[in-house]
Amino acid sequence: MKYIYRNKNVKFHILIVLLTLFYSVAFTFSEFYGSPFSGIKDFFILFIQWGCIAFATYGLLLLMALNRYVFAALFTPLTLLCSVLTYFRYTANVTLTPMIIDLCVVNDMQTGMTLVSFSLVFVMVLSIILGVFASVVRFRMDSPSFIPNLLIGIAIVSLCNGLVPRIERPVSERMPYSLYYNVKKYLQERQVVNAERPDFEGQALCGSDSITVVMVIGESLRADHLQLNGYERETTPLLSSDTSVVSFPNIYTEECYTHTSIPVMLTRADSINPERAYTERSFISLFKKAGFRTSWLANQESVKNYVYFMKECDTLVYANSGKSMYVFDKWLDEELLPFYNNEVSRHESRKLILLHTIGSHWWYESHYPEEYRKFEPVIDTRVVSSCTDEELINSYDNTIVYTDYFITQVIDRVKNENAVLIYLSDHGESLGEDGMYLHGADHYTLHYPACFIWMSDMYKKNYPQKWNSTKKNKDKPYRTDFLFHSILSAADINTDYLVDELNVFNYGEK
């Protein structure tokens, strides 16, 4: 009897091992496609990540296969979905994100049919055949001992999805687990968007008949690496030569992570009332009250912390369709410019345009073209510990050289209008100081984001007091809660919500 049970278990686990190998080679490998690495050490680190995902996949397939009917119902659809995602990963470098799910929900059937090709249909048919074949094999197989295998499966899935944080993120971002986690994120975002936040009371009146306000949300750009602020390297030669640019080197952010910093930037949240970031609307609603057309042009994926504010806008455009932090091909802010051109050329006389850039986010080499590689040597691996500090700083500074060019392009399109631009990065970046790298963990290098303001000649002529106040206030220390009040002032919007002490366009005037 023991031999029979043992034989059943062996055959069962051989099937799960074979299916795991298939998933790991056919699907999970595509998630590592294009990942830069240098040397045996880096390859070994990536291999360990791949192995952890394979281990987690084994646990999932084990639980699915315990019951032959459950397996027959789930395995073929799961294989089909993974096959489709893998196809687009190889052919279009697209990965599953909540943004992609949102686009699929919004787009009509006709738009979706444009993505269908003979090769995609072939892959789908082949995956269905393989899924059905595996289901038949499992259906004809004797059931293994249930309780021990159930406990093994639960232990593996739990271990890889929460008990060990270093494993959880790589697993959750890759197939097959990414299907669950991204649907979960999407539903959470929808819940946030559908939540009721009261509109601002009272009026918001704009004193200008025609004005364009551009807000650029930067990414990981620290103030002390700007040539504008005295950095010894020429990282911002174009902006530094523009006399209409005023830099603010002493802006402080409490937050060290995009998810939490942007809600604080856009709302009335401050150190006394931090909850406002998640209970109130942003300045976008006040702009709409004042008769502005509002648009959010995103070169990053949405997240639940600030997706509400993205949906506040009249128009939301994703320029980064299908890109995620695990895609290492070029991901450039220039992709925003065609959409920006469309918004600038609209007939509405009052416009608020928000550009959410990818900026200087890791992996730095993805975020600038080769012709902006001013400093060398640069990083050649995604494994941070294998990069020298010199390589990291060079690559990081090259992203700033490109940002200098990008912002200049944004300015050029509105320089002949009554226009103002505010640039504020979400946080800084650690580049080896005290052994710290990138962002997320608290460190002083993260608390001083880059910030500067540009005004067109027409704007300066119309608002000389704002121009003079900006120059006088440039060296003052402000927290990022200055933005809510200052951008309303920049737009010449009169509202009771504007606090003069937090307005960089006001210098002692009431």
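Residues numbered from 1 in each chain as written. Predicted model: local features only at pLDDT ≥ 70, side-chain atom pairs only at ≥ 80, totals over all residues. Heavy atoms only, no water.

Where nonpolar side chains cluster on the molecular surface, the patch consists of Val-10, Ile-14, Val-17, Leu-18 and Leu-21 and spans about 440 Å² of accessible area. The residue Leu-21 is located in helix H1 (residues 2-31) in this model. Residue Leu-21 is classed as partly exposed on the basis of its relative accessible area of 46%. (Patch = residues over 30% accessible without salt bridge, like charges linked within 9 Å, V, L, I, M, F, W, Y side chains within 5 Å. Areas by Shrake-Rupley, 256 points an atom, 1.4 Å probe, with all protein chains shown as cover. Salt bridge = Lys/Arg side-chain N within 4 Å of Asp/Glu carboxyl O. Helix = DSSP H or I, 4+ residues; strand = E, 2+ residues; numbered from the N terminus. Buried < 20%, exposed > 50% of the residue type's maximum accessible area, 1.4 Å probe, protein only.)

In this section: helix H19 (residues 482-490). Counted residue by residue, H19 has 9 buried out of 9 residues, so it is predominantly covered. Those residues of H19 lying buried are Phe-482, Leu-483, Phe-484, His-485, Ser-486, Ile-487, Leu-488, Ser-489 and Ala-490. At the C-terminal side of H19, Asp-492 shows a positive phi close to 60 degrees.

All right, on to the pattern of salt bridges then. Applying the stated criterion across every chain yields a total of 18 salt bridges. The salt bridge involving Glu-365 is made with Arg-373; its shortest N-O contact spans 2.6 Å. A salt bridge links Glu-370 to Arg-373, with the nearest nitrogen and oxygen atoms 3.2 Å apart. Connected through salt bridges with shared partners, the residues Arg-268, Asp-270, Arg-276 and Glu-280 form a single ionic network.

What follows concerns the packing of helix H2 (residues 39-65) against helix H7 (residues 146-163). It is at 8 Å that the axes of H2 and H7 come closest, and there the two elements cross at 140 degrees. Viewed along their axes, H2 and H7 form a crossing whose handedness is left-handed. The residues of H7 that touch H2, namely those facing Cys-52, Phe-55, Ala-56, Tyr-58, Gly-59, Leu-60, Leu-62 and Leu-63, are Asn-149, Leu-150, Ile-152, Gly-153, Ile-154, Ile-156, Val-157, Leu-159 and Cys-160. (Axes fitted to C-alpha atoms, helices over the stretch in contact; angles between N-to-C directions. Left-handed = near helix turned anticlockwise from the far one by under 90°. Contact = heavy atoms within 4.5 Å.)

Given two aromatic rings, their pairing is described by the distance between the two centres and the angle made by the two planes. This structure, assessed with the given rule, holds 24 aromatic pairs. On the basis of an interplanar angle of 35 degrees and a centroid distance of 5.2 Å, the ring pair of Tyr-372 and Tyr-405 is categorised as tilted. Here Tyr-372 is found in the loop between strand S7 (350-356) and helix H16 (389-412), whereas its partner Tyr-405 is found in helix H16, with 33 residues between them in sequence. Tyr-405 matches Tyr-372 in its accessibility class, with the two residues each being buried. Put simply, the rings of Phe-22, Tyr-23, Phe-27, Phe-71 and Phe-75 touch in pairs and so form one group of aromatic residues. Here Lys-330 stacks its cationic end above the ring of Tyr-368, 5.2 Å away from the centre of that ring. (Phe/Tyr/Trp six-rings, centres within 6.5 Å; stacked < 30°, edge-to-face > 60°. Lys NZ or Arg CZ within 6 Å of the ring centre and 35° of its normal.)

For soluble globular proteins, the rule of thumb is that nonpolar side chains tend to be buried together. Residues Phe-283, Phe-287, Phe-292 and Trp-296 are the most contacted members of the largest nonpolar core, which totals 54 residues. If you tally residues by element for this core, the top one is H19, at 6 residues. Among residues more than four places away in sequence, those in contact with Phe-287 are Val-213, Phe-292, Thr-294, Leu-352, Ile-487, Leu-488, Ala-491 and Ile-493. (Core = buried A, V, L, I, M, F, W, Y, C linked by side-chain atoms within 4.5 Å.)

Moving on to the side chain of Gln-300. The residue Gln-300 is located in the loop between strand S5 (293-298) and helix H14 (307-312) in this model. Note on Gln-300: relative accessible area 5%, which makes it buried. At a separation of 2.7 Å, a polar atom in the side chain of Gln-300 contacts the side chain of Glu-219. Within polar-contact distance, the side chain of Gln-300 engages the backbone oxygen of Thr-357 at 2.9 Å. (Polar contact = N/O pair within 3.5 Å; in protein donor to acceptor, adjacent residues only side chain to side chain.)

By themselves, these observations are geometric and do not establish any function.
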